[in-house]
Amino acid sequence: MSYLLRGALLSSAAFFLAYVLLSLGVAGAWRLLGRRAAAWSASLLYGLRALPPAGALLFVAAFVVPAFVGLEPQSTDERFGIPGIALASAGLLIVALGAVSALLASWQTARFVASCPKSGARRRVGDAGAGAVEVVSAKPLFVVAGIHRPKLLISEQAVRLLDENEMRVAVRHELAHARFRDNLKKLGLRAARFPFLSGLERSWMQAAELEADDAAVTDPSGALDLASALLKIAGASSPAPLPHLAMSLVPGTQSALQARVQRLLAWEPRRSSPSSARQRVFFLVFALAALAAGYAPLLRHVHELCELLVR
Amino acid sequence: MGWIRQSAGRHPQLGPLETRLLGLLSQRRDATVRELLGSAQVDAAYTTVMTTLDRLYKKGFLDRSPDALSRAFRYRLKQGERDLYRAVLGNDLHDLLQTAADPSLPVSFLVDAVTEHDPALLEELRRAVERKRQQLRRRKQP
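Sequence order as written defines the numbering, with residues in each chain counted from 1. Labels follow written order: the first chain is A, the first ligand is 1, and so on. Owing to the predicted nature of the model, reporting of local features is limited to residues with pLDDT of at least 70; listing and counting of side-chain atom pairs is limited to 80 or more, with chain, interface and lining totals taken over all residues.

Participant: Outline the overall build of chain B, supporting the account with residue identities and numerical values.
Facilitator: In DSSP terms, a helix is any run of H or I states spanning at least four residues, a strand is any run of E spanning at least two, and both are numbered starting from the N terminus. Helix and strand counts for chain B come out as 7 helices and 2 strands. When the helices and strands of chain B are listed from N to C terminus, the series reads α-α-α-α-β-β-α-α-α. With C-beta atoms placed from the backbone, a residue counts as buried when 20 or more other C-beta atoms lie within 10 Å of its own, as exposed when 12 or fewer do, and as partly exposed for counts between those limits. Looking at chain B as a whole, 11% of its 142 residues qualify as buried. Once C-beta atoms are placed from the backbone, any two residues with those atoms within 7 Å are in contact. Here the contacts in chain B between residues at least 6 apart in sequence split such that 50% fall between residues at least 24 apart.

Shown next, in the form of structure tokens:
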């Protein structure tokens, strides 16, 4: 077996193991944390959800590949055992399934956007400077869809229902989703699906809505305009089916809608915490320093572990 | 709706008031008849609510103990909310899906029913938004 093929199979096997172990760890932690963690910020929840694929990739890139390149002799007659080949195949399968799932979601979203019949020229809505594609639709629609140049889709009915202030703040809410790249994050979730993590994904979605509310609202009257817009769109009809890579103004469940409106009713200016960014940088520098100190011995251990894995 | 009657032998069926009371008790830890009536979310006579709670207790959905302050019973759910809905809905849903020629049809109606927003709740929230708007206006006026 060639050196390169051995390296690729080893990386795939290590990725699979790390991915599954991290996913199970996150699922267990989520179960233990329960409702307390549901109140976390959107970025924290997404970070927790993205930990298994990102951690597994980082592990392979920062440890498995360097350990293989540095410590594995080029000419060796070592063979891959059945367990090693099975793990490597599972790793390749997970990556392939993730890629197919992400591609399907992108294709479905692109088709959805293309199928929306445009009622006329693009027109500016609100003061957010967004060119909104107006859509003729039987049901009220207020979504931002797509990843590369996300499109804001607003139905004629929604335009008729909302007054100018409500429209302005609703557009700002959807544009916040585009700015935070929430659809790209959703694509990441599609590519890294794992059972037992759907509760965490739902919590992230709800937190992302709250974060977009916070970004859209600047004063108490804006909060009431957004609450009113939510209720008008929700009351007009049941939500239309949406593609995976889209964020709708109105949540799909009644409890989520109620929670958002009540939060907007109790809106207060946010207090910024300048120390949190400094804390994050400090933590990152500390973690990198600790890693650098123990990197060489760690590589040896990883290499030994990999040898065990593939025999 | 024959499927509801068919499964009556295996699971005690619940009427609208029974379902409403179970829903209210799942939102609070426990309650007496008077507390449930005081929440203004039950539109029934005291004796009707008392009899209905007693029936739910006998059907095994509720636990009860004497209230420390009054002579009335204090009722609470016997099982968690999730177990309750599983017990009430599980088999009926199974039967429904089994008997349907196209199982995706009842599921699509179910999704529509779940995602549709309750008009009464929307109206209540709309009134709350309006009240808050009036408060804001009053505060802005000198």
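Participant: Quick rundown of the packing of helix H3 (residues 42–71) of chain A against helix H12 (residues 295–310) of chain A? Include the residues and the values.
Facilitator: Residue and element names in this part refer to chain A. Here an axis means a line fitted to C-alpha atoms, over the contact stretch when the element is a helix, while the angle between two N-to-C directions is reported on a 0 to 180 degree scale. One way to put it is that H3 packs onto H12 with a least axis distance of 9 Å and a crossing angle of 90°. Taken together, the axes of H3 and H12 are roughly perpendicular relative to one another. Counted together, Phe-63, Val-64, Pro-66, Ala-67, Gly-70 and Leu-71 of H3 and Leu-298, Leu-299, Arg-300, Val-302, His-303 and Cys-306 of H12 form the full contact between these two elements. Note that Gly is not counted as nonpolar here; it falls among the polar residues with everything else outside the nonpolar set of Ala, Val, Leu, Ile, Met, Phe, Trp, Tyr, Cys and Pro and the charged set of Asp, Glu, Lys and Arg. Per-class residue counts for the contact of H3 with H12 are 9 nonpolar, 2 polar and 1 charged. Note on terminology: angles under 35 degrees are roughly parallel, angles over 145 are roughly antiparallel, angles of 65 to 115 are roughly perpendicular, and the others are oblique.

Participant: Describe the interface of chain B and chain A, naming the residues involved and giving the relevant values.
Facilitator: Often, the extent of an interface is quoted as the loss of accessible area on bringing the components together. The interface is formed by 15 residues belonging to chain B together with 16 residues belonging to chain A. Listing elements by their share of the side of chain B that touches chain A, those giving two or more residues are helix H6 (104–115) and helix H7 (119–140) of chain B. With 10 residues, H7 of chain B is the largest single contributor of residues to the side of chain B that touches chain A. Residue classes in the side of chain B that touches chain A are distributed as 7 nonpolar, 2 polar and 6 charged.

Participant: Break down the nonpolar core for me, citing the residues and quoting the values.
Facilitator: All names here are of chain A. The term nonpolar core refers to a group of buried residues, namely Ala, Val, Leu, Ile, Met, Phe, Trp, Tyr and Cys, whose C-beta atoms join them within 7 Å. Counting 57 residues, the largest nonpolar core has Phe-142, Val-143, Ala-170, Leu-226, Ala-227 and Leu-230 as its most contacted members. Ranked by the residues each element gives to this core, the list is headed by helix H9 (residues 220–236), at 9 residues. Not counting chain neighbours up to four residues away, the residues in contact with Leu-226 comprise Val-169, Ala-170, His-173, Asp-213, Ala-216, Val-217 and Leu-264. Formed by 20 residues, the second largest nonpolar core is a distinct cluster that contains Ala-14, Val-64, Ala-67 and Cys-306.

Participant: Got a sec to walk through the environment of Val-42 of chain B? Specific residues and values, please.
Facilitator: Residue and element names in this part refer to chain B. Relative to the assigned elements, Val-42 resides in the loop between helix H3 (33–38) and helix H4 (46–58). Note on Val-42: 18 C-beta atoms within 10 Å, which makes it partly exposed. In this structure, the C-alpha to C-alpha distance between Val-42 and Arg-20, residues 22 residues apart in sequence, is 7.8 Å. Each residue touching Val-42, except ones within four places of it in the same chain, is listed here: Arg-20, Leu-24, Leu-36, Leu-37 and Val-49.

Participant: Can you break down unusual backbone geometry residue by residue, with the values?
Facilitator: All names here are of chain A. Phi is positive for Arg-149, close to 50°, though the residue is something other than glycine. Exposure remark for Arg-149: the 6 C-beta atoms within 10 Å place this residue in the exposed category. Positive phi, normally seen in glycine, also occurs at Arg-181, with a value near 55°. In this structure, Arg-181 sits in the loop between helix H6 (164–179) and helix H7 (182–191).

Participant: So, the packing of H6 of chain A against H9 of chain A: which residues are in play, and what are the values?
Facilitator: Residue and element names in this part refer to chain A. Where H6 meets H9, the axes come as close as 8 Å, and the angle between the chain directions of the two elements is 85°. It follows that H6 is roughly perpendicular to H9 by the angle criterion. Where H6 abuts H9, its residues Asn-165, Glu-166, Val-169, Ala-170 and His-173 lie against Gly-222, Asp-225, Leu-226, Ser-228 and Ala-229. Residue composition of the contact of H6 with H9, grouped by class: 4 nonpolar, 4 polar and 2 charged.

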